[in-house]
Amino acid sequence: MRKTDLIAGLSVAGLMLPEAVAYAAIAGLPPQRAIFAGIAGCLAYATLGQSRFAIAAPTSSSAAILAAIMISVPVAPESKPALVTAVVLLTAAFFVLASLTRLGSLTGLIARPVLRGFSLGLAITIIIKQLPAVAGVSVQGPDIFHVTESLAAAAQRWNWISIVSGAAALVALLLLKRFPAIPSAFLVLAVGIAASIYFDLPGQGVSVVGQIDKSLAMPRLPVFPFDQWSRLAQLALPLAMILFAESWGTISALALRHNDQVNANRELGALGLANLASACVQGMPVGAGFSAGSASEAAGAATRWTAVVAALGLAVMIAFAAPLVAKLPEPVLAAVVIAALVHALNPAPFLRLLQLRRDFDLAIAAAVAVLLLGVLNGMLVAVALSLAIVIHRLASPRVVRLGRLGQSRDYVDAARHADATLLPDVAIWRPAEPLLFANAEAIFRFIESQTHDNAQVRAVIVSLEESYDLDSTALEVIVSFDAAMAKSGKQLLLARVHDHVRDAMQAGGMDGLLKRCHYSVDGAAQALVGTS
């Protein structure tokens, strides 16, 4: 362990304590569940994970989604702790299953614009729900609109000392963000506790965190009927997807910045182990959050020992400072939450989408879904939007006709390149998406419609460069298309055919078609010249 890891770990521990207490409050859980989750998560991740910056701890998004799950699944109040543990176990199971089945390549399944929109809506939702704690009033509401309305109606009961405490903490946190080496959240927490004691803020109506239970319960498997587990699994799957999308975004961005090597499948396993460890200590879902990861980077983390030191530092603080943390004012805690989410309110990524003229509507739709439908339904909409993007793109591919670029051997989209010339008696087509069961028939139906009645075309070349492999449906469609071309007196050749596709053709007895496969478009064109 290096000296920089020791310093960075202690700095991160100073951030983890107030954030853990704050995220537990978001989820409506006692603080110790988030604190124990952070300790167990960091230690478990350090044994398997690759990122030297990742801090596996509760995040604001997972806390908000967990709160929504707890509301949507009806159980007796005494069963709520077991329900949380069940969600964490299922999240861990999904991570481990995805790692074992090598699904790390699906890290981009949730589109980044959709994730940004979801994060924006989630940040607005969480911030608005923190305002009653700042105002010192208890306000209930099924959504942020009712919370805002109820908060305004309770204006006469606002505690101005509470508001001043929260506002001062928020201003301090935002100003200290300019100095990333300073553990701003821990510093503000310490000042807030000191002010609570010195000015007797509880005596003036300012709510405080209260006593933290430091005892650890024995690990035990939650007992629920099968239909309850099934319902929880349906909700835990999108939670795991969003948690990994958020975590992988942090891990991969920091690794790219420092030229570190990380493997998505291994990170899935590491996060699964971290969540399993969290479940064993009756904790919350954990992931590699942006704020903790950035703090670790700014503090100079050199190895994964940083996470170990952070976990041990957090354990020491809670062991000896729990009575002090109990005096932390809730408006200061709300300020910590708000400050941690300010980055999600940055309009720059959305303006960038406007500039690119790409996916802006999707990002806004995801944000609006969270605001109008709530966190849980908004999460499901975000996942559905991402899947819809993939399905629509695969099922509605663009097919372009290729022409020869000058006197070269390169073939490009003839519609986009004025100096590209079409071969006089050969139509060369390239699907812009991989061929699969969802789009193969539409692609070859389009190609056939463009060439079937064209007497000048004696041969068709289809470039399969986008298709690394083919499923059985796509192979059957190609065979049928080949037969249709032969019936109309035209010859079919395939270009840029990958070895996996050739293996499938050979296994399927498509020897005649296999002889007309080429590794390049120019090779296929030259083969036709030889037969003219």
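The notes below deal with the structure included here.

Basis of the calculations
Residues numbered from 1 in each chain as written. Predicted model: local features only at pLDDT ≥ 70, side-chain atom pairs only at ≥ 80, totals over all residues. Heavy atoms only, no water. Helix = DSSP H or I, 4+ residues; strand = E, 2+ residues; numbered from the N terminus. Buried < 20%, exposed > 50% of the residue type's maximum accessible area, 1.4 Å probe, protein only. Core = buried A, V, L, I, M, F, W, Y, C linked by side-chain atoms within 4.5 Å. Contact = heavy atoms within 4.5 Å. Axes fitted to C-alpha atoms, helices over the stretch in contact; angles between N-to-C directions. Parallel < 35°, antiparallel > 145°, perpendicular 65-115°, else oblique. Left-handed = near helix turned anticlockwise from the far one by under 90°. Nonpolar A, V, L, I, M, F, W, Y, C, P; charged D, E, K, R; others polar. Lys, Arg positive; Asp, Glu negative; His and termini not counted. Salt bridge = Lys/Arg side-chain N within 4 Å of Asp/Glu carboxyl O. Polar contact = N/O pair within 3.5 Å; in protein donor to acceptor, adjacent residues only side chain to side chain. Pairing = 2+ DSSP bridges. Right-handed = clockwise from strand over helix to strand, strands pointing away. Expected span 1.5 Å × (residues − 1). Arc of directions from axis to C-beta.

Digging into the environment of H343
- As for its position among the elements, H343 is in the loop between helix 13 (330-341) and helix 14 (348-356).
- Given a relative accessible area of 44%, H343 falls into the partly exposed group.
- Placed 176 residues apart in sequence, H343 and Y519 show a C-alpha to C-alpha distance of 48 Å.

Looking at the nonpolar core
- Counting residues in hydrophobic clusters, the biggest one holds 113 residues, and the most contacted among them are L17, I35, I69 and M284.
- Looking at this core, the element that brings in the most residues is helix 1 (residues 3-27), giving twelve residues.
- The residues touching I35, leaving out its near neighbours within four places in the chain, are L17, A20, V21, I212, L314 and I318.
- By size, the runner-up hydrophobic cluster in this structure holds 27 residues, among which are F444, V462, I478 and L494.

Concerning the packing of helix 4 (residues 80-100) against helix 10 (residues 264-280)
- Packing of helix 4 against helix 10 brings their axes to within 7 Å, and their N-to-C directions diverge by 160°. By the criterion of interaxial angle, the relationship of helix 4 to helix 10 is roughly antiparallel. Two packed elements cross with a definite hand, and for helix 4 against helix 10 that hand is left-handed. In this structure, helix 4 contributes T85, V88, L89, T91, A92, F95, V96, A98 and S99 to the contact, and helix 10 contributes N265, L268, G269, L271, G272, N275, L276, S278 and A279.
- Considering only residue class, the contact of helix 4 with helix 10 consists of ten nonpolar, eight polar and no charged.

Concerning the side chain of E267
- Here E267 shows up in helix 10.
- Salt bridges are absent for the buried E267, whose nearest opposite-charge side chain, R266, sits at 5.6 Å.
- Side chain to side chain, E267 and Y45 meet in a polar contact 2.6 Å long.
- Those residues within four positions of E267 in sequence are excluded, and the remaining contacts are Y45, G49, Q50, S51, F244, W248 and I251.

Considering the pairing of strand 7 (residues 459-463)
- The buried count for strand 7 comes to five of five residues, which makes it a mostly enclosed element.
- Burial of the side chains of strand 7 extends over both faces: A459, I461 and S463 are buried on one face and V460 and V462 on the other.
- Pairing of strand 6 (residues 426-431) with strand 7 involves four bridges; the strand directions are parallel. Bridge assignment links V426 to a residue of strand 7, and that residue is A459.
- Read as a crossover between parallel neighbours, the route from strand 6 over helix 17 (residues 440-451) to strand 7 is right-handed.
- Pairing analysis gives five bridges linking strand 7 to strand 8 (residues 491-495), with the strands arranged parallel. If you follow I461 over to strand 8, its bridge partner there is L493.
- At this point the chain moves from strand 7, through helix 18 (residues 472-487), to the parallel strand 8, and the crossover so formed is right-handed.

Section: the environment of L216
- Here L216 is to be found in the loop between helix 8 (184-198) and helix 9 (226-257).
- Taking the relative accessible area as the measure of exposure, L216 reaches 56% and is therefore exposed.
- Placed eleven residues apart in sequence, L216 and G205 show a C-alpha to C-alpha distance of 32 Å.
- Other than its neighbours up to four places away in sequence, L216 contacts F36 and V281.

Looking at unusual backbone geometry
- Although it is not a glycine, R357 adopts a positive phi angle of roughly 60°.
- You can see R357 is positioned in the loop between helix 14 and helix 15 (360-373).
- The residue R496 is not glycine, and still its phi comes out positive at about 55°.
- When you line up the elements, R496 lands in the loop between strand 8 and helix 19 (499-507).

Quick look at helix 17
- For helix 17, built from twelve residues, the straight-helix expectation of 16 Å at 1.5 Å per residue is met to within 8% by its first-to-last C-alpha distance of 17 Å.
- Where helix 17 is concerned, the buried positions are A440, I443, F444, I447 and T451. Angularly, the buried residues of helix 17 cover 85° about the axis, an arc narrow enough to put them on a single face. In helix 17, the exposed residues that point more than 90 degrees away from the buried face are R445 and S449.

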